Structure formats: structure tokens, C-alpha cells
Amino acid sequence: MTKLAQNRTLNRTSNMDKAVQQLDAQEASTELAELANLLAYHDNLYHAEDAPELSDADYDALRQRNNAIEVRFPELIRADSPSQKVGAEPAKGFKKVIHRVPMLSLDNAFVEDDIKDWLDGVRNFLRELKDPDVIVEIDCEPKIDGLSCSLRYKNGVLVSGATRGSGGVGEDITANVKTISDIPKKLPGEGWPEVLEVRGEVYMTDDGFLKLNAEQEIAGGKIFANPRNAAAGSMRQLDATIAARRPLRFYAYTWGEISAPFATTQWEARAKFKSWGFELNEPSRLVKVSEISLSELVAYYQDIERNRSSLGFSIDGIVLKVNRLDWQNRLGFVSRSPRWATAWKFAPERAQTVINAIECQVGRSGKITPVAHLAPISVGGVLVQRATLHNADEILRKDVRVGDTVMIQRAGDVIPQIIGVLQDARPENSVPYIFPTHCPVCDSLVVREEGDAGSFCTGGLVCAAQVIERLKHFASRDAFDIEGLGEKNIALFYERGLIKTPVDIFTLEDRDGKGIKGGNGASGDTGARVLPPLRVWEGWGETSAAKLFTAIRHAKVISLDRFIYSLGIHQVGQATARLLAKHYLSLSEWRLCMNAAQDPDSEAYANLISINGLGESMVNDILSFIAEPHNSEVLEGLTGGSEPLVTVTDFERPSTLSAVSGKTVVFTGNLDTMSRNEAKAQAEGLGANVAGSVSKKTDFVIVGASAGSKEKKARELNLTILSEAQWLALIKS
Ligand code: IVH
């Protein structure tokens, strides 16, 4: 692997050695930012590229860590947090299917306390459940480890099948689902809605999986790490004859779009599925839970865990769902997961393996992350090959060395963390690991700020790794989306001195073949050569060069949210960029306001920080980015002048028509008819922006009983103040 390629993997350092309880707000915010970037990167590899670099365990560990920090610091939840989105965009090659009802994911719980917190959340949301004597029925089911799938029936006939994809858009796998015998092609009897989307999991039984791998081995084919990968890999084949030959099964457990309700409880819905010929994930149980006792839920969890290996199919936990569907509807969703359900994952699994090497990778911000390369080992069916060592302190604290035998753990059914070194097994000639003092890519000094666990390369724009990571981000699919400008070509153009900043991308065609000098000092290049046109470069031709230039030309018009995201501002992921775009609407307004907001006493600053979803540390990163002269140069270079290189289009509001869509509202005090959480969720559902603090730009302040300073400020600013009844009347109108 080249040094540059190594950089693509784990770019993570800070604080992971600290328990969540020990983090301060600054550390938490930094780590959440890192996790957002890192998980977005791995989501893309997994969903779009089909080439994951992390085991499911590693991946879940990161997500779990992210969630745990967010639970402790809810005010720091980022708009681009991994907890706010489901998966990635659909793979190329399959037709796209828009999910009219999004396919979402489940939040994970790992210990009984998490379940208690989840139920407390349900009780706080639904006012009538405040009474501790009210019993809540919970439908409990095994959590199957497969590939989620949505089946659409029209008048009882199967018309299409789709994967989850990004949650909003999936891949059309109709031909593949039709090969699965568990899936009814025509629903028997009557009683099903005219339009019915049955959702569930395509999976493989343990026997089916073992048999498939044995056959694959004989045929010299791909060996799958676990039944989940085997099921997913089979369904993601464009050639349906492959799926037809694989032992695929289907369990139904929920639904998407329906033209009419067909049940009033989850339990009843399952029974209907059964009567229509679907298989259900059993053993399920309907459990009554009071505020005081979760004992029946715990008993179910323990029963399933105990019998896990005899179920015949692979599960990674249980799923708990509020049984009443009217309550489910009111509880709704929070970003990527329903409030009415949660997954309770099984306990960690451990194994021993050897560290073959420790390598340091350099991220976009220059952060150096040491990564342990392990002798591959299967932990609970998942092949683990790498584990992050987070930072220099972590290595020191655990005294982890190359050649050591280590105990690794996958928590929550995923997760390779190094728990510790087996001292007795340490080779005699072993030496302590020395953290690099210089960047492994550009050789610049590596520094560590006091109080910061992370080490950083000081190379900045001189460090090829950092510049290339930034350019790669700029051209990536969710940013400028320039096909043909992936890591390999960016590194090539950078090394030859053709592209050093984003601006160079858009002047590339003009400069091509016109005697441009190459060389930027990278790779010892002196810059003396005159580069021939791209079409005659090795591995390039007329067509590939023309294709790249066309892709660059097509990318010249970009929406404001993608543009902001493309800049790669620390902590500003897609969702935050969208929030900014939605708030400021045009590039000129955004830049004007960001310049004005440099003064922390300004109205512009107050306005920026009032955006719900933006924390102080994020705001600081945005403002520092703008204040940096070379960043303004790039912004000017791209969008300034009489004929700008790129056109940034204004943000277009989605057309949710309601009296409050696009309005900024603030709730304060105690409401009568519903909990504050339910009120906020409802307002957001109607297209309003719910802000956490009052500013001049607030449209409505909804005041409940015992409101305090926010009401006072609203009066001072002469804002429109509504009582709860007035608000309810407004949203009904
Ligand atoms: S209900 C809104 N029930 O686990 C999502 N999901 O990790 C409702 N899964 O996306 C999903 N077993 O693909 C549900 N009994 C079960 C499940 C189940 C497995 C999958 C599903 C979900 C994922 C979340």
C-alpha cells in the first residue's frame, strides 16, 4: 500500500482512550467531529463502493462511541452526525428506487440502563405515560443480521424489491428478490392494503451459509466472512441467476408505504404478515413494562442470548418496539431512527491475536492516527484485521508493541478495540513503539498541543497527504462530484504539479497541453519539465482525457450546500453545510455574514450561533476558516471575478407547504397538551426550523407556563409571541 493510500483509512486520534464520562465538552466536540468524518468515509466505502475497510465490529464501535458522547453532550450533536443519517447513496449499476416512506435504522442499546433511558424517553415524549402506573406493551423480536429490504405489493402482487440504500433512495433488486422462495409473489386471500410495502431482512441460515462457503471453496470463489456478508453480497449482484443459486431467506418485520392501515398494534401486524404467507423472526414475545420494572424485557433478552446459537440463523441482539401503532405514529422518528423502537445488542466478544505492524496515517487536518495491523482473526464471525490505537498516549498507556499478542474486543457485536497486551507472550527482542516525531508522508515536524491527545503534522499545505485529502474531499461525490478525480488521479496531478488547489481543477483544461510546467517539489520533482497534454500520458487517451474535462465542466454549477460542504471546513459535514445554506440562502449572503460574524459581539455572530444544530466549537471552526487568507483566496479564485470559474446556486427550500414552513420558532416553558419534545418534532415535521435561542430572526416564540429569559428577550426584541393554543391554531390552519 502506498503512503497516500494508507491515509485513506483511519484518521482518528483524540480522546478515544478516555471514558465518555471523563470527556470535557471541548474534547467531546472534537471527537464528534472526527467521528462524523470518519463514519461518512466508511459509510461510503461500505454502501457505495462495496469495499469496506472496517469490520462491522470496528464500525459499530465507532458509532456506539459517537452515540455515547451524544447522550452525554446532547447540545453538541452535529447536524452531520452519523446518528442523523442511515446509510449511503445507492450503488451505481442498479436502478434507483425512491422510498416514499424512508427506510430507517435503529438506535443501539448495549446495557439495561440504555433500555431504561430509551423507555424514559418514550414516557417523556408521550404525556399520558408520565403516570408510572401506565403499562406499556413492548413487542420483542430477535434482531436478524442480514440485509434490509423493502417489497412493494400492488393489489397483492409483488411488483418490486429494493435495498435500503441511503434510506431515502435504494437500489432496485426486484429480479433478485423474486428468486427468494420465502417471499410471496402473490398475497393469498384478502385484507391486504392495495399498496403495501413489506419490509424485512434477507438473510442466510447458518447451514446455508456454511454450505455456500464450502461450495465456494471448491469452486475457487469468494469466501464470505459471515452470513450477513454472504446475504448482502448475493443481493448486490446485478445478475439475478447468482442470487437464485444462493440459499437466501426472508423475514418480515415492518412496513413502509401502505394505502390503508391494516393493524392497530405491531403484534397484530405481524400476525397479518404471517397470514399473508411471510415468515416471521421468532421467537418473539409481547411484554408488559411498567416504569419500575424492566424484568420481563431482561428475561426475554437473556432467553434469546442463551439460545442464540440454536436459532439456526445469525442474530446480533433483540429489537424492542412500542406495540401500539398510534403511539408509534406520535413518537415518530429522530433523524435516522424511530423513537418507538430500539435494538438491544449482545455483549462483547473477545479474542487474541498478534500485532504485525503499527502504521501512522495522516488525515485532512493533519491528525496522525496510529493503526495496529493485526494477524487476521475471526471474532464472532467477523474478520478483524485492524484496530485503531487512537493516539500516542493510548500506545504508551497500554505499552502496545509490534509483535505483541493482544486481547481484542468487539463490543455490541462489533468492535475491535485492543483491551490489553498479554505480557507473558511478549517476544524477547521486543522494543517499545516510538511515536513518529515527523510526518510519515511529508517529514514535517509532528506536534501536540498541550491538553490535546492528538498529534498533528505541521506540514499544512506542504504535506501531500493533507492537500490530497482536501482535494479529494472537494471533488468527492457529495461535494463537486467530479468523476475521474478520485484519490489516484488527484495524487498524480498533485505530484506532477498540475493541481495544487481547488482552483487549479477548473483551469486544468485550459492549461492542458499548453506547455504547463509540472513540479511542486513533491516527490523530489524540481518543476523543470514541460508536461505533455493529458491524452498522451501513460494510461490516458483521447477519450479518458475528454471525459475528465467534461466531468469538470459539468461540475461548474453547484448548489450552495454542496459548495459549503466541499470546502472541507473542520466539523462542517453535509448536514451542517445544509443548515448554513438553508439559513443564509445565497453564497454572497453567507460570506457577508461570516465576515461580519468575526466580531463575537456582532448581531451576525449571535445569528450564526442561534442556528439549531451548530455548537460554539463548530462556529469557531467556520469563522477561523473564513479568516484564513489562503481560504479566502480559494473562495475568491473559484467564485470571484467577472467570469467566475464556478457558479454557486442559491439554496432552494423544499416545498413543504404549511403556515410555518421555513419559519424559525423557539419553544419555551412547559406546554399543556404535549411534551416539549413532541412539540418540537411536530414543528420540524411541518418544515419549521426549531431554534434553541431567541434572536432577531426568530419568527415565533411559543410560550408555555413558567417561561423565563427567552420570553423576556422575545419581548425586548418585539418578536411574535404565541400561546400554545395560538400555535396549535396556526399549524392547523
Ligand atoms: S424494525 C425503522 N425489526 O436492523 C426501522 N429491524 O440495525 C425499523 N433488523 O434497519 C426496523 N431485525 O434492517 C426491525 N426485528 C427487526 C429487525 C430489524 C433486524 C435490522 C433492520 C434495521 C437494522 C438496524
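Look up a bit, the structure's there.
What counts, and where the lines are drawn
- Residues numbered from 1 in each chain as written.
- Predicted model: local features only at pLDDT ≥ 70, side-chain atom pairs only at ≥ 80, totals over all residues.
- Heavy atoms only, no water.
- Core = buried A, V, L, I, M, F, W, Y, C linked by side-chain atoms within 4.5 Å.
- Buried < 20%, exposed > 50% of the residue type's maximum accessible area, 1.4 Å probe, protein only.
- Contact = heavy atoms within 4.5 Å.
- Salt bridge = Lys/Arg side-chain N within 4 Å of Asp/Glu carboxyl O.
- Helix = DSSP H or I, 4+ residues; strand = E, 2+ residues; numbered from the N terminus.
- Pairing = 2+ DSSP bridges.
- Axes fitted to C-alpha atoms, helices over the stretch in contact; angles between N-to-C directions.
- Disulfide = S-S within 2.5 Å.
- Parallel < 35°, antiparallel > 145°, perpendicular 65-115°, else oblique.
- Left-handed = near helix turned anticlockwise from the far one by under 90°.
- Nonpolar A, V, L, I, M, F, W, Y, C, P; charged D, E, K, R; others polar.
- Near = heavy atom within 4 Å.
- Polar contact = N/O pair within 3.5 Å; in protein donor to acceptor, adjacent residues only side chain to side chain.
- Areas by Shrake-Rupley, 256 points an atom, 1.4 Å probe, with all protein chains shown as cover.
- Expected span 1.5 Å × (residues − 1).
- Phe/Tyr/Trp six-rings, centres within 6.5 Å; stacked < 30°, edge-to-face > 60°.
- Lys NZ or Arg CZ within 6 Å of the ring centre and 35° of its normal.

**Some words on the nonpolar core**
Then comes step 1: In terms of nonpolar packing, the biggest core is built from 64 residues, with Ile482, Phe493, Phe563, Leu580, Trp590 and Leu608 touching the most fellow members.
Then comes step 2: Residues contacting leucine 580, with those up to four places away along its chain left out, are Ile564, Val572, Leu585, Trp590, Leu608, Ile611, Leu614 and Ile622.
Then comes step 3: The next biggest cluster of nonpolar side chains, apart from the first, holds 35 residues, and it includes Tyr153, Ala232, Ala243 and Phe278.

**Regarding the pattern of salt bridges**
Then comes step 1: Taken as a whole and assessed by the stated rule, the structure comprises 37 salt bridges.
Then comes step 2: A salt bridge links lysine 367 to glutamate 34, with the nearest nitrogen and oxygen atoms 2.2 Å apart. In this pair, lysine 367 is assigned in strand β15 (residues 367–379) and glutamate 34 in helix α2 (residues 25–48), connecting sequence segments 333 residues apart.
Then comes step 3: Judged by its relative accessible area of 4%, lysine 367 is buried.
Then comes step 4: Under the relative-accessibility criterion, glutamate 34 is labelled buried at 6%.
Then comes step 5: Several salt bridges share partner residues, and in doing so they unite Arg100, Arg152, Glu197, Arg199 and Glu257 into one network.

**Quick notes on the sheet that holds strand β9 (residues 285–289)**
Then comes step 1: Strand order in this open sheet of 5 strands is β2-β13-β10-β3-β9, and the pairing throughout is mixed. Strand pairing shows two members of the sheet lacking a second neighbour, β2 (108–109) and β9, which therefore form its edges.
Then comes step 2: The pairing of strand β3 (residues 136–144) with strand β10 (residues 315–322) spans 7 bridges and is antiparallel. Within the sheet, the bridge partner assigned to isoleucine 144 lies in β10 and is isoleucine 315.
Then comes step 3: Set on the sheet, helix α9 (residues 266–275) makes contact with β3, β9 and β10; between it and β3 the angle comes to about 45°.
Then comes step 4: Running at roughly 150° to β9, helix α10 (residues 295–306) makes contact with β3, β9, β10 and β13 (341–345) of the sheet.

**Examining the state of the cysteines**
Then comes step 1: Scanning the entire structure with this criterion turns up 0 disulfides.
Then comes step 2: Unpaired in terms of disulfides, cysteine 442 finds its nearest cysteine sulfur in cysteine 457, a separation of 3.6 Å.

**Regarding the packing of helix α15 (residues 502–511) against helix α22 (residues 629–639)**
Then comes step 1: Two elements in contact, α15 and α22, have axes separated by 8 Å at closest approach and are oriented at 30°. Taken together, α15 and α22 sit at an angle that is classed as roughly parallel. α15 and α22 meet at a crossing whose hand is left-handed. Taking contact as the criterion, the partners of Pro502, Val503 and Phe506 in α15 are, on α22, Val634, Gly637 and Leu638.
Then comes step 2: For the contact of α15 with α22, a count of residues per class yields 5 nonpolar, 1 polar and no charged.

**Structural notes on the environment of alanine 372**
Then comes step 1: With respect to the helices, strands and loops of the structure, alanine 372 is situated in strand β15.
Then comes step 2: Overall, the relative accessible area of 0% leaves alanine 372 in the buried class.
Then comes step 3: The contact partners of alanine 372, leaving out residues within four places of it in the chain, are Ile355, Ala357, Gln385, Arg386, Ala387, Leu389 and Ile418.

**Considering the site of the ligand**
Then comes step 1: Taken together, 15 residues sit near the ligand, with Glu141, Arg164, Glu201, Tyr253 and Asn281 positioned nearest.
Then comes step 2: The separation between an oxygen atom of the ligand and a polar side-chain atom of arginine 164 is 2.8 Å.
Then comes step 3: Here an oxygen atom of the ligand sits 3.0 Å away from a polar atom, N or O, in the side chain of glutamate 201.
Then comes step 4: Considered on its own, the ligand offers 520 Å² of accessible surface; in the complex 91% of this is hidden by protein.

**A look at helix α21 (residues 616–627)**
Then comes step 1: In this model, α21 (12 residues) spans 16 Å end to end at C-alpha, consistent with the 16 Å of a helix rising 1.5 Å per residue.
Then comes step 2: Those residues of α21 not exposed but buried are Ser617, Met618, Val619, Asp621, Ile622, Leu623, Phe625 and Ile626.

**Digging into the sheet that holds strand β26 (residues 720–723)**
Then comes step 1: Pairing within the open sheet is parallel, and its 4 strands lie in the order β24-β23-β25-β26. Every interior strand has two partners, whereas the edge strands, β24 (689–690) and β26, have only one.
Then comes step 2: Relative to strand β25 (residues 700–703), strand β23 (residues 664–668) runs parallel, the two sharing 4 bridges. By the bridge assignment, valine 666 is partnered in β25 with valine 701.
Then comes step 3: Packing of helix α24 (residues 709–716) onto the sheet brings it into contact with β23, β25 and β26, and relative to β23 it is tilted by some 135°.
Then comes step 4: The strands touched by helix α25 (residues 724–732) within the sheet are β23, β25 and β26, with β26 carrying the most contacts at an inclination of about 95°.

**With respect to the packing of aromatic side chains**
Then comes step 1: Under the criterion given, the structure shown has 21 aromatic pairs.
Then comes step 2: Ring geometry for phenylalanine 480 and phenylalanine 563: centres 6.1 Å apart, planes at 75°, overall edge-to-face. Of this pair, phenylalanine 480 sits in the loop between α13 (464–475) and α14 (487–495) while phenylalanine 563 sits in helix α17 (residues 560–566), placing them 83 residues apart in sequence. In terms of burial, phenylalanine 480 and phenylalanine 563 fall into one category: buried.
Then comes step 3: When the ring centre of tryptophan 327 is taken as reference, the NZ or CZ atom of arginine 324 above it lies at 4.0 Å.

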